[in-house]
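As a plain string of letters, each chain reads:
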Amino acid sequence: EQLGRIAAEASARLKQDSDVTHLTADALWTRLLQSAAGAAEALEEATKTSWHAFVQQQGSFAAPIELEAKITPTPANRQALASYSPHFAAYKRLATAALPRSAQDKAALETAAELCRVELAKMDYDVPSEIADFFRAVNANTATLSIVTPEVLRWLRENGQIDRYVVRSIVQ
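Here goes a summary of the coordinates provided. These numbers were taken from a predicted model, which means no experiment stands behind them.

What counts as what
Along each chain, residue indices are assigned from 1 in the same order as the chain's sequence is written. With pLDDT at 70 or above as the cut-off, local features in this predicted model cover only qualifying residues; side-chain atom pairs require 80 or more to be listed or tallied, and sums for whole chains, interfaces and linings still use all residues. Heavy atoms throughout the structure, all of them, feed into the side-chain values; hydrogens and water do not. For the purposes of this entry, the term helix denotes a DSSP run of H or I that reaches at least four residues, the term strand denotes a run of E that reaches at least two, and both are numbered from the N terminus. When we talk radius of gyration, it's over C-alpha atoms, and the globule rule is simply 2.2 Å times the number of residues to the 0.38. Between buried and exposed lies partly exposed: a residue is buried under 20% and exposed over 50% of the maximum accessible area for its type, with that area taken using a 1.4 Å probe on protein chains only. Any two residues having at least one pair of non-hydrogen atoms within 4.5 Å are treated as being in contact. Each nonpolar core is a collection of buried residues, namely Ala, Val, Leu, Ile, Met, Phe, Trp, Tyr and Cys, held together in the definition by side-chain atoms within 4.5 Å. Helix span is expected to be 1.5 Å times the residue number reduced by one. Two axes enter the definition of the bend at a residue: one is fitted to the seven residues ending there, the other to the seven starting there, and the bend is the angle between them. We count a salt bridge whenever a side-chain nitrogen from Lys or Arg sits within 4 Å of a carboxyl oxygen from Asp or Glu. Each aromatic pair joins two rings of Phe, Tyr and Trp (for Trp, the six-membered one) with centres within 6.5 Å, and gets the label stacked for planes under 30 degrees apart, edge-to-face for over 60, and tilted for any other angle.

**Concerning the overall build of the protein**
For step 1, the next point in the chain: The secondary structure content of the protein amounts to seven helices and zero strands.
For step 2, the next point in the chain: On C-alpha atoms alone, the protein measures out to a radius of gyration of 30 Å, which is more than a quarter above the 16 Å that the 2.2 N^0.38 rule sets for 172 residues.
For step 3, the next point in the chain: Its C-alpha atoms give the protein principal-axis dimensions of roughly 95 × 35 × 20 Å.
For step 4, the next point in the chain: Taken across its 172 residues, the protein has 26% of its residues classed as buried.
For step 5, the next point in the chain: Here the contacts in the protein between residues at least 6 apart in sequence split such that 63% fall between residues at least 24 apart.

Encoded structure:
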């Protein structure tokens, strides 16, 4: 309100006489600058507070490296994690900003958060231990036929993965 009153007074003076030096004849110019600076600070603080609250509403997400340590590296989990990573990066970039850089940042943050949730929902945290052991060994290139149990074979069949793996001899 104060800024509006001072700006209106400055505008009225300029309408009377277009010589800008009349604005600096007394403290009007100084008051106008101080009021504008105060309004800008208040606006910035309000925007920061609002942005922070909006970020909090979106929830928080684990970093891909944290998820990788928690999930069994099944093909579906690995694919979901690979899809999650760029969405998480976009989310993190926006969520850690003190202020949005553009009007599109709000929608971009919402989209990134939703895409993170979609990929997280695809991850299976309840994989039987034999299956988890199998995939860890496969990913470490240490899998042998001894870990291919009937349960592993059944799981691979049920999940459409049976033809995805081959047997090779380590002796040439």
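**Some points on the nonpolar core**
For step 1, the next point in the chain: Counting 19 residues, the largest nonpolar core has F61, Y84, Y91, L109 and M123 as its most contacted members.
For step 2, the next point in the chain: When contributions to this core are tallied by element, the ones reaching two or more residues are helix 2 (28-58), helix 4 (75-95) and helix 5 (105-122).
For step 3, the next point in the chain: A per-element tally of this core places helix 4 first, with seven residues.
For step 4, the next point in the chain: If we skip the residues at most four places from it in the chain, M123 touches L67, I71, N77, A80, L81 and Y84.
For step 5, the next point in the chain: Formed by seven residues, the second largest nonpolar core is a distinct cluster that contains V127, V152, W155 and L156.

**Quick word on helix 4**
For step 1, the next point in the chain: Taking 1.5 Å of rise per residue, the 21 residues of helix 4 would be expected to cover 30 Å, and the 29 Å separating its terminal C-alpha atoms lies within 8% of that figure.
For step 2, the next point in the chain: Along helix 4, the helix axis deviates most sharply at S85, where the bend reaches about 30°; the proline P86 sits within four residues downstream.
For step 3, the next point in the chain: All of the buried residues in helix 4 are P75, N77, A80, L81, S83, Y84, F88, Y91, L94 and A95.
For step 4, the next point in the chain: Buried residues along helix 4 sit against helix 2, helix 3 (64-70), helix 5 and helix 6 (129-139).

**Brief notes about the pattern of salt bridges**
For step 1, the next point in the chain: Counted under the stated rule, the structure contains seven salt bridges.
For step 2, the next point in the chain: A salt bridge links E44 to K48; the shortest N-O distance between them is 3.5 Å. Placement of the pair is E44 and K48 together in helix 2, with a separation of four residues, close to one helical turn.
For step 3, the next point in the chain: Overall, E44 belongs to the partly exposed group, its relative accessible area being 37%.
For step 4, the next point in the chain: For the salt bridge of E158 with R154, the shortest nitrogen-to-oxygen distance reads 3.6 Å. Here E158 and its partner R154 are both found in helix 7 (residues 150-158), four residues apart, which amounts to about one turn of the helix.

**Some words on the packing of aromatic side chains**
For step 1, the next point in the chain: One pass over the structure, following the stated rule, counts seven aromatic pairs.
For step 2, the next point in the chain: Geometrically, the ring pair formed by F61 and Y91 is edge-to-face, given 4.9 Å between the ring centres and 85° between the ring planes. In this pair, F61 sits in the loop between helix 2 and helix 3 while Y91 sits in helix 4, placing the two residues 30 residues apart along the sequence. For the pair shown, F61 and Y91 are each scored as buried.
For step 3, the next point in the chain: On the basis of an interplanar angle of 65° and a centroid distance of 6.0 Å, the ring pair of F135 and Y165 is categorised as edge-to-face. Of the two residues, F135 sits in helix 6 while Y165 sits in the segment after helix 7, which places them 30 residues apart along the sequence.

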